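Here are the chains, one letter per residue:
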Amino acid sequence: MNCQALIEKFVNDRHETIVNQLGQLLITKELKLVDFIISIGDYLQSIELSKRSLALTLVANVVEYLPNTFLEPNEIHHLVVFTSAKMSDHHVLIQSCVQLFRILAKQSAINDDDCITMIKSIFSDVYVQSFPQGSRYNVFVILLHFLLHRLDVVQQLGSDFVCNFIQSMDGERDPRNLVLCFQCLQYMTKYLDIEPYKEELFEIVACYFPMEYKPKVTNTGTEETVTQEQLVLALRNILTSTGKFAQYCIPMLIEKLESDIPSARLAAMDVFIHCIDEYDARDMSSYLVQLWNLFSKQALCAENQEIEICALQSITALMQSIGKSIQNDETEISTKKLVDRAIRECGNFLKEFDLKLAWPAVKVLQAVGRANSTCSSLIWSNLIPSLIKQFNTLEQANHRRTILDMITYFLQPTAIRTIIKLPSNVSDELWILLSTHFESFPSHCLPLISNLLQLNSIPGQVLEDNLTKFILHANLNDELKIKLSTVLKILASSPTFDRICTNLLSNLINSWTGTKTTPSNETLECCIDLCHNSERCRERLERFFFPSQQFIRLLPNIFKYLSHLYILTNLFSPLFDLLLTSIVNDEYTKIFCSKCGSIADESCKTFVQNFYETNLFDDSIWQSDKQTNLLVMIYFIGNLKRKFFQHELELIFNKINEKIFNQSSNEMTDIYFYFYGNLINKLASKNEILEHARSIIKQCETSPDEKHIHLWTIIVKALILYRPSFIEQYIPTLILWMNEKTNIANLACQSLKSLTNFNEQILLLSSDADCIIHPMVKQIMFMNILSQMKPLLINNELLPSQMNVLVDLLSNVPKSIIQDDIISLLPILIRALAPSNESAWPSALNSISDLIKSEPNSIVDHIDTLFPRLITLATYQKDMSIRITSLKCLKYLTNLPTHKIEPYRRNIIHLLKVCVGDHKRLVRKEAVETQMSWCLLNA
Amino acid sequence: MELSSGPQNLNPTIYERTEDRIIQESDYDNDVRDEIDRREIFDLIRSINDPEHPLTLEELHVVDLDGITIDNQTNTVQVQFRPTIPHCSMATLIGLSIRAKLLYTLPTRYKVGVNIFEGAHIQESQINKQLNDKERVTAALENQHLRAVVNRCITTSES
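Residues numbered from 1 in each chain as written. Chains lettered and ligands numbered in written order. Predicted model: local features only at pLDDT ≥ 70, side-chain atom pairs only at ≥ 80, totals over all residues. Heavy atoms only, no water.

**Q** Tell me what's going on with the overall build of chain A, and back it up with residues and numbers.
**A** A tally of regular secondary structure across chain A gives 49 helices and zero strands. Nonlocal contacts in chain A, meaning residues at least 24 apart in sequence, comprise 72% of its contacts between residues at least 6 apart. Accessible surface, chain A: about 42,200 Å² in total, of which carbon and sulfur atoms supply 50%. (Helix = DSSP H or I, 4+ residues; strand = E, 2+ residues; numbered from the N terminus. Contact = heavy atoms within 4.5 Å. Areas by Shrake-Rupley, 256 points an atom, 1.4 Å probe, with all protein chains shown as cover.)

So, in structure tokens, the structure goes:
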């Protein structure tokens, strides 16, 4: 079919495939563009408007089909001239013209003059805002394209472009177009001369502030939607893009800050925080005090944390912006003046620390201080001495604690702190205060010490004595331990405190060598903390501890500070025997070996190879009498990285593959099986390994007993983790076993439980051991299991063990997967609360509690059976978590319609009288909340 | 117990809230018995709302930890509170709210006494007498209007 015929067919039938056919003809050079245009010429000049429009659309579609590099400059030129002439032909044609322009603009051979013609034509002939969204979108795409790729051309047009763009954009409301417009504006403010139109430009943007847009919910989900965040960010970027907007923007922000709407205030503060990079303090000099007042008011009386954080950041931004400008004490652009104002206004609140405003005031002053070094020095030298004085005059311990907390807060490290020095008099006073009161308030002094040390303030001898005494004598709780550890790590990390560290270590070691006692775990942990430093770790390690048996189990904690080779050659290898004798506890072995394995990357290849040669093929190591030896081996090998040790892992797999069924049943068997699973998982990409694994699974299935089902479970799990879809093949076998009337049913239930339990990570089958874990394993597995298990779930004659495992399964499944099924499964959950199913209670209660909380109405039909069971469980003495969850369920039930639950009210309030007298405080707390919900049911 | 139309103390002093009770490891041990202590009673009443202001009794310093005594041997609880101003007409209502909250949430074995701090109110003795008269308290809580006001005070955001 020739070109003419194709064109006619398109005009008559509007067949879309014709566009492709014509495009293909042009690409293969069977048709020239000139010939195509000549052929379509009659239609383009037809007196019928519809034909002209259709012809133009065809041209646009055909050109769109062509690659971006296809057209020659002269072809583009003629098309541009032709299209811009068509613009003034009729308004109906403009949409097709704009489409054609968009395609031409992207042609790489387009020259500058054609670009200018195109832009001018768009600005003069297209009344953008009178067109539908699609065409407006095309216009903005063209303009953005030129701004991005032909900036030099746009710059030739100068501020005319800005003026015309403002007219085109004025009144734009579609979010998709706005995103484009905002992008264009960002480039314009940056690269074009906006000076003559800056006010207009600001106005056109400011009318969208604060941006409030809720995306429509689309059912298809495929359509690309614009998000609120995207628009907010784009708008903020323009407002903050140039200092020229400052004179208009700041008054607008002030107006929004004064409004009652929290979202508007938040948006205004957000813009302010980001504008200081571009805005100069001189541009806002007349508003500085007003801004300070507004921000400090927001921070002091914040309705919520979000506003407080924003206000504090704004205060810091304000101070930073002043700090950047040339200081002039005669005007408001003076850091000192504003800091004085802050101290004058907020300082008084610090004296009344029972009042609600004390802490907000501290936060405001700290926000001022963290802006820059001048602010910090001013705030510190003004406030800290007076706080110390106040501390010394006060008598109440809790007031003193508050003051210590306040000082700590003022001195907390921020991004700029590294270059600031604490005034020496303040620093000295603080160390004196700390040395005298350390024993009375250790929990409050330790954070203060950390902050002071981070400011490189050098402590005196007293600190070492205090800390030594504290570590050796105090009975430390977890909170104190963390604080102490922070202090010690800071001491260890800086060369400045080398002397203190060495002295402390000597003191601590003397304490147990001198008295020949065993150091406590806490003391040893402190020593480890003091070794934390890449440079000094080795030195201190060798000088003070090495080798000490007690110390070995703590070694892994400092591994990250030592080089891998050092650990493997100096610690692991020569100490291997020592390790085997000292690491008897399974937990320590696991930790030690997993740490060793996790660092075993390529650099350790030689070590591992040697290790293999000497140990791996030595059959004696696999004898069961040397269990610890084997355990260490298993954990170490199990942790090796697939990437570097594929070959070694294969060797070991082949070695143990023959022996897997010969294992005698002892406590090692379990770990041995998991190790086997670990290897299968890591090597599963190899077909022969997969075949091996399958044949072992088959062997297990032929004689299902305890050992074989256990092995079956582990291997299946290893395979599922690698590829979750494998579960399909194995679930039927499991269901078959579960329906057996023998012990196999129980074993199968256990097996399903361990297959579906992802909460307890087994070390040898986890990503830590470099196993392959499919990212969607949970979803795919649960979907499969649930779909295959439904008949079993609805079966009314479930055995207790089956009930247990199924209820557990439901509580493990991510809620989004079973959302639709859970209501149909509700009777099973309620049945699981019966007295005979004690072990299923926790899972069932959790599932029910989640369900009542999210969809209370789904439970309405079952409340007659549910209430008596919950009432019984709320007083179940053996387990407090069951009591708490039952009470929670009872509380959530008050959200049901009143007429449904009113009949139970008296009974439940009566029952709760017993619960509020429970012997556990946490249960009482829950009972009180539940009691109040029921008592105030109609209030 | 009459309710006046507008707030009497227009500009009350607001105090910092104490931190929530820290949960210890032993709190999760079902075999350890946790006795009810002063702090627990305080936690029950600290969140009661003031009838006049959108603030809690704790924030207005009407109740504090020092004003509470508990004796688990004799099963008695004494709560003392401090009206923000000595002529506060809401004092009885506040006392009634405290009583109501404890009535609903304390185990029945406790005998509760609610009193005003000595010298904190001009009608201290009269109010104390009212608050500790069981019949009058019951009668007050049966009054529909008064019960609604009390319920509003003891409703917390969680419940």
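**Q** Talk me through the confidence of the model for chain B; I want residue IDs and the actual numbers.
**A** All names here are of chain B. Looking at chain B, the pLDDT average stands at 86 and 92% of residues meet or exceed 70. Summarising per-element confidence for chain B, the mean pLDDT is lowest in helix H5 (residues 144–154) (89) and highest in strand S2 (residues 76–81) (94). We note a pTM of 0.58 for the whole complex and an ipTM of 0.92 for its interfaces. (pLDDT = per-residue confidence, 0-100.)

**Q** Report on the side chain of Lys86(A), specifying residues and quantitative values.
**A** As for its placement among the helices and strands, Lys86(A) is situated in helix H5 (residues 73–87). A distance of 3.0 Å separates the side chain of Lys86(A) from the backbone oxygen of Leu44(A), its partner in a polar contact. (Polar contact = N/O pair within 3.5 Å; in protein donor to acceptor, adjacent residues only side chain to side chain.)

**Q** Just give me the short version of helix H17 (residues 305–324) of chain A, but keep the residues and values in it.
**A** The end-to-end C-alpha distance of H17(A), which contains 20 residues, comes to 29 Å, matching closely the 28 Å that a straight helix rising 1.5 Å per residue would cover. Among the residues of H17(A), the N-terminal cap falls to Asn304(A), whose side-chain oxygen and the backbone nitrogen of Glu306(A) are separated by 3.2 Å. (Expected span 1.5 Å × (residues − 1).)

**Q** Explain the packing of aromatic side chains to me, and be specific about the residues and the numbers.
**A** Any pair of aromatic rings gets described here by the distance separating the centres and the angle formed by the planes. Residue and element names in this part refer to chain A. All chains considered together, the criterion is met by 18 aromatic pairs over all chains. Between the aromatic rings of Phe182 and Tyr208, the centroid separation amounts to 5.7 Å while the plane-to-plane angle is 75°, which identifies the pairing as edge-to-face. Placement of Phe182 in helix H11 (residues 175–191) and of Tyr208 in the loop between helix H12 (198–206) and helix H13 (228–239) is noted, with a sequence separation of 26 residues between them. Pair check on accessibility: Phe182 and Tyr208 agree, each one buried. Through a chain of ring-to-ring contacts, the aromatic side chains of Phe123, Phe140, Phe161 and Phe165 assemble into a single cluster. Against the face of Phe391 rests Arg400, its NZ or CZ located 4.7 Å from the ring centre. (Phe/Tyr/Trp six-rings, centres within 6.5 Å; stacked < 30°, edge-to-face > 60°. Buried < 20%, exposed > 50% of the residue type's maximum accessible area, 1.4 Å probe, protein only. Lys NZ or Arg CZ within 6 Å of the ring centre and 35° of its normal.)

**Q** Please provide a residue-by-residue account of the interface of chain A and chain B, values included.
**A** The partner chain B presents 35 residues to the 27 residues of chain A that form the contact. Of the roughly 2,600 Å² buried between chain A and chain B on both sides combined, carbon and sulfur atoms contribute 54%. Scanning the region where chain A abuts chain B turns up five salt bridges. Here chain A is connected to chain B by 16 residue pairs in polar contact (both at pLDDT 80 or more). Those elements that provide at least two residues to the side of chain A that touches chain B are helix H47 (880–892) and helix H49 (921–935) of chain A. (Buried area = accessible area lost by both parts, 1.4 Å probe. Salt bridge = Lys/Arg side-chain N within 4 Å of Asp/Glu carboxyl O.)

**Q** So what's going on with the confidence of the model for chain A? Which residues, and what values?
**A** Detailed conclusions should not be drawn from predicted coordinates in areas where pLDDT is low. Chain-level pLDDT for chain A is 81 on average; 82% of the residues reach the 70-or-more range. Mean pLDDT values over the elements of chain A span from 49, in helix H31 (residues 576–582) of chain A, up to 92, in helix H14 (residues 246–257) of chain A.

**Q** Describe the packing of helix H18 (residues 335–346) of chain A against helix H19 (residues 358–369) of chain A, naming the residues involved and giving the relevant values.
**A** All names here are of chain A. Two numbers describe how H18 lies on H19: the axes approach to 10 Å, and their chain directions differ by 170°. The angle between H18 and H19 falls in the class roughly antiparallel. Taken together, the residues of H19 that come into contact with H18 (itself represented by Val339, Ala342, Ile343 and Cys346) are Ala361, Val364, Leu365 and Val368. Across the contact of H18 with H19, the residue classes break down as eight nonpolar, no polar and no charged. (Axes fitted to C-alpha atoms, helices over the stretch in contact; angles between N-to-C directions. Parallel < 35°, antiparallel > 145°, perpendicular 65-115°, else oblique. Nonpolar A, V, L, I, M, F, W, Y, C, P; charged D, E, K, R; others polar.)

**Q** Break down the packing of helix H46 (residues 863–873) of chain A against H47(A) for me, with residues and values.
**A** All names here are of chain A. The contact between H46 and H47 brings their axes to 8 Å, and the two run at 145°. For the element pair H46 and H47, the recorded crossing hand is left-handed. Contacts between H46 and H47 involve Phe867, Leu870 and Leu873 from the first element and Ile882, Arg883, Ser886, Cys889 and Leu890 from the second. Split into classes, the residues belonging to the contact of H46 with H47 amount to six nonpolar, one polar and one charged. (Left-handed = near helix turned anticlockwise from the far one by under 90°.)

**Q** Describe a negative patch on the surface, with residues and values.
**A** A cluster of acidic side chains, namely Glu352(A), Asp354(A), Glu16(B) and Glu19(B), defines a negative patch on the protein surface. Turning to its location among the elements, Glu352(A) is positioned in the loop between H18 and H19. We classify Glu352(A) as partly exposed; its relative accessible area is 46%. (Patch = residues over 30% accessible without salt bridge, like charges linked within 9 Å, V, L, I, M, F, W, Y side chains within 5 Å. Lys, Arg positive; Asp, Glu negative; His and termini not counted. Charge placed at Lys NZ, Arg CZ, Asp CG, Glu CD.)

**Q** Lay out helix H20 (residues 373–393) of chain A in plain terms, naming residues and giving numbers.
**A** Residues and elements named next belong to chain A. End to end, H20 covers 30 Å across 21 residues, agreeing with the expected 30 Å (1.5 Å per residue, within 8%). A maximum bend of about 25° is found in H20 at Trp380. Among the residues of H20, those classed as buried are Cys375, Ser376, Leu378, Ile379, Trp380, Leu383, Ile384, Leu387, Ile388, Gln390 and Phe391. Turning to H20, the residues buried within the fold contact H17, H18, H19, helix H21 (397–410) and helix H22 (424–437). (Bend = angle between axes of the 7 residues up to and from the residue.)

**Q** Requested: an account of the pairing of strand S3 (residues 111–116) of chain B, with residues and values cited.
**A** All names here are of chain B. The buried count for S3 comes to five of six residues, which makes it a mostly enclosed element. Sheet topology note: the S2/S3 ladder contains six bridges and is parallel. In the sheet register, Val79 faces S3, and the bridge partner there is Val114. Crossover handedness for the path S2 to helix H2 (residues 91–105) to S3: right-handed. (Pairing = 2+ DSSP bridges. Right-handed = clockwise from strand over helix to strand, strands pointing away.)

**Q** Tell me about the nonpolar core, and name the residues and values.
**A** In terms of nonpolar packing, the biggest core is built from 194 residues, with Leu22(A), Phe36(A), Phe161(A), Phe182(A), Phe272(A) and Leu430(A) touching the most fellow members. In terms of nonpolar packing, the next biggest core, distinct from the first, is built from 96 residues, Val807(A), Leu845(A), Val860(A) and Met880(A) among them. (Core = buried A, V, L, I, M, F, W, Y, C linked by side-chain atoms within 4.5 Å.)

**Q** Quick one: what's the story with the pattern of salt bridges, residue by residue and with numbers?
**A** Enumeration according to the criterion identifies 35 salt bridges over all chains in this entry. Between Asp340(A) and Lys336(A) there is a salt bridge, and its shortest N-O distance comes to 3.2 Å. Of this pair, Asp340(A) and Lys336(A) both sit in helix H18, four residues apart, which is roughly one turn of that helix. Taking the relative accessible area as the measure of exposure, Asp340(A) reaches 30% and is therefore partly exposed. When its relative accessible area of 45% is taken as the criterion, Lys336(A) is described as partly exposed. The partner of Arg21(B) in a salt bridge is Asp37(B), with the nearest N and O atoms 2.7 Å apart. With Arg21(B) in the segment before helix H1 (38–45) and Asp37(B) in the segment before H1, the pair connects residues that are 16 residues apart, well separated along the chain.

**Q** So what about the sheet that holds strand S1 (residues 68–71) of chain B? Which residues, and what values?
**A** All names here are of chain B. In space, the three strands of this open sheet follow the order S1-S2-S3, with mixed pairing throughout. In this open sheet, the two strands that pair with only one neighbour each are S1 and S3. Strand-to-strand twist of the sheet, defined as the mean angle between neighbouring strand axes without regard to direction, takes the value 10°. Relative to S2, S1 runs antiparallel, the two sharing four bridges. If you follow Ile70 over to S2, its bridge partner there is Val77. Contacts from H1 reach S1 and S2, with the element oriented near 130° to S1. Contacts between H2 and the sheet are confined to S2 and S3, with S3 contributing the most and set at about 160° to the helix.

**Q** Tell me what's going on with the side chain of Arg265(A), and back it up with residues and numbers.
**A** Here Arg265(A) shows up in helix H15 (residues 262–275). For Arg265(A), the contacting residues outside a window of four places in its chain are Lys256(A), Leu257(A), Ser259(A), Asp260(A), Gln298(A), Glu303(A) and Ile307(A).

**Q** Describe unusual backbone geometry, naming the residues involved and giving the relevant values.
**A** Note that the residue after Phe209(A), namely Pro210(A), is joined by a cis bond; omega there is -10°. Following the sequence through the fold, Pro210(A) ends up in the loop between H12 and H13. Its identity as a non-glycine residue notwithstanding, His61(B) has a phi of 65°, on the positive side. By secondary structure assignment, the location of His61(B) is in the loop between H1 and S1. Taking the relative accessible area as the measure of exposure, His61(B) reaches 25% and is therefore partly exposed.

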